[in-house]
Amino acid sequence: MPKPLDVKRFQVPEGRRVDLEKWPTLVSPFYDSKEHYRSLLANHIEQLADRQNLLYAHDRYALLLIFQAMDAAGKDGVIKHVMSGINPQGCQVFSFKHPSATELDHDFLWRTTECLPERGRIGIFNRSYYEEVLVVRVHPEILQAQRLPDEALEGSGVWKRRYQSIADHERHLHRNGTRIVKFFLHLSKEEQAKRFLARIDDPAKNWKFSAGDIAERARWKDYMGAYEACLEATSTDHAPWFVVPADDKQNARLIVSQVIVNTMNRLKMRYPSPDAAQVRELQRIRKELLK
């Protein structure tokens, strides 16, 4: 079995100030060739499939994976490739777009809470409740449209209060068996431009491109500031953020898959052992079948 990749350096330490200009969007690849990349990813996928079976059988933990990124950073590709060997019966992916009228009539955590994974299962959030301190912070007019009481909007502490709500929410989930890992796919502005051009130039990819993507790109600095504040406030030892260099898609997938493998390997899980009465019953049924 290949040696595990060293991915600890991509984790945001709890309480540490974050300057995304100092976090790389490209690092030396963990693979030597395409064949080597495929071999490493296949090994990770095999380990994930094995641990998923144990997660389901043990039935004490759930795993929640959260992905956030700027447009074209490769979230869909990471989810597609890394989770390709997972049993779909034990894994669900949710993508969160603009909230509906019903969702706006609830607190900002309500719509994602409904989608949390059950014990024994893996849940994936492609965007999440973190949109409420990212895109909403960059576009405060969205906050004004959420019909919140006046006191919820008083002063400049609205984001601090939302970070606290998120941190409390994640602590509660951790205490009750849900393990949370959060990935920010860190893409450079130059690489995003290349990927946008590829979507424009390839007719088969035109559907992926939206004029709104360019409008959001114009707010790049604002988004980086929102991400920095979010990562600083909400990366904890029990629900860590990983800043994944995303300019190299293959390398990003290897980093994400290794982090997930590491997380699942740390869970103290075992297959259920039958008691004496169950063993006797199984032996009785075995004899009947042999007849």
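Residues numbered from 1 in each chain as written. Predicted model: local features only at pLDDT ≥ 70, side-chain atom pairs only at ≥ 80, totals over all residues. Heavy atoms only, no water.

*Asks:* Describe in detail the overall build of the protein chain, supporting the description with residues and values.
*Replies:* Within the protein chain, the secondary structure is distributed over 12 helices and five strands. Expressed along its principal axes, the backbone C-alpha trace of the protein chain runs to roughly 75 × 50 × 40 Å. For the protein chain, with 291 residues in total, the buried portion stands at 48%. In the protein chain, of all internal contacts separated by at least 6 residues, the share reaching a separation of at least 24 is 81%. By element, 51% of the accessible surface of the protein chain is carried by carbon and sulfur atoms, the whole surface being about 16000 Å². (Helix = DSSP H or I, 4+ residues; strand = E, 2+ residues; numbered from the N terminus. Buried < 20%, exposed > 50% of the residue type's maximum accessible area, 1.4 Å probe, protein only. Contact = heavy atoms within 4.5 Å. Areas by Shrake-Rupley, 256 points an atom, 1.4 Å probe, with all protein chains shown as cover.)

*Asks:* Give a detailed account of the side chain of Arg127, specifying residues and quantitative values.
*Replies:* Turning to its location among the elements, Arg127 is positioned in the loop between strand S3 (122–126) and helix H5 (135–138). A distance of 3.3 Å separates a polar atom in the side chain of Arg127 from a polar atom in the side chain of Asp71. If we ignore the near neighbours within four places in the chain, the residues touching Arg127 are Phe67, Gln68, Ala69, Asp71, Lys75, Phe94 and Phe96. (Polar contact = N/O pair within 3.5 Å; in protein donor to acceptor, adjacent residues only side chain to side chain.)

*Asks:* Tell me what's going on with the environment of Arg253, and back it up with residues and numbers.
*Replies:* With respect to the helices and strands, the residue Arg253 is situated in helix H11 (residues 249–265). Given the relative accessible area of 10%, Arg253 is considered buried. Each C-alpha atom of the pair Arg253 and Ile79 lies 8.4 Å from the other, and the pair is 174 residues apart in sequence. Beyond its immediate stretch of four places on either side in the chain, Arg253 contacts Tyr37, Leu41, Gly77, Val78, His81 and Val82.

*Asks:* Please provide a residue-by-residue account of the sheet that holds strand S5 (residues 241–245), values included.
*Replies:* Pairing is parallel across the open sheet formed by five strands, whose spatial order is S2-S3-S1-S4-S5. Strand pairing shows two members of the sheet lacking a second neighbour, strand S2 (91–95) and S5, which therefore form its edges. Pairs of neighbouring strands in the sheet enclose a mean axial angle of 20°, with direction left out of account. In this structure, S2 lies alongside S3, joined through five bridges in parallel fashion. Looking across to S3, one finds that Phe94 is bridged to Phe125. (Pairing = 2+ DSSP bridges. Axes fitted to C-alpha atoms, helices over the stretch in contact; angles between N-to-C directions.)

*Asks:* Mind laying out the nonpolar core, listing which residues take part and the relevant values?
*Replies:* With 44 residues, the main nonpolar core has Leu65, Met83, Ile122, Phe183 and Ile260 as its most contacted residues. The greatest single-element share of this core, amounting to eight residues, is contributed by H11. Setting aside its immediate chain neighbours within four residues, Ile122 contacts Gln52, Leu55, Leu63, Leu65, Met83, Ile86, Gly90, Cys91, Gln92, Pro117 and Met264. (Core = buried A, V, L, I, M, F, W, Y, C linked by side-chain atoms within 4.5 Å.)

*Asks:* Could you give an account of the environment of Asp150, naming the residues involved and the relevant values?
*Replies:* Looking at where Asp150 falls in the secondary structure, it is placed in the loop between helix H6 (140–144) and helix H7 (158–175). Overall, the relative accessible area of 61% leaves Asp150 in the exposed class.

*Asks:* Lay out the side chain of Gln11 with the relevant residues and their values.
*Replies:* In this structure, Gln11 sits in the segment before helix H1 (34–58). The class for Gln11 is buried, based on a relative accessible area of 15%. Not counting chain neighbours up to four residues away, the residues in contact with Gln11 comprise Trp23, Pro240, Trp241 and Phe242.

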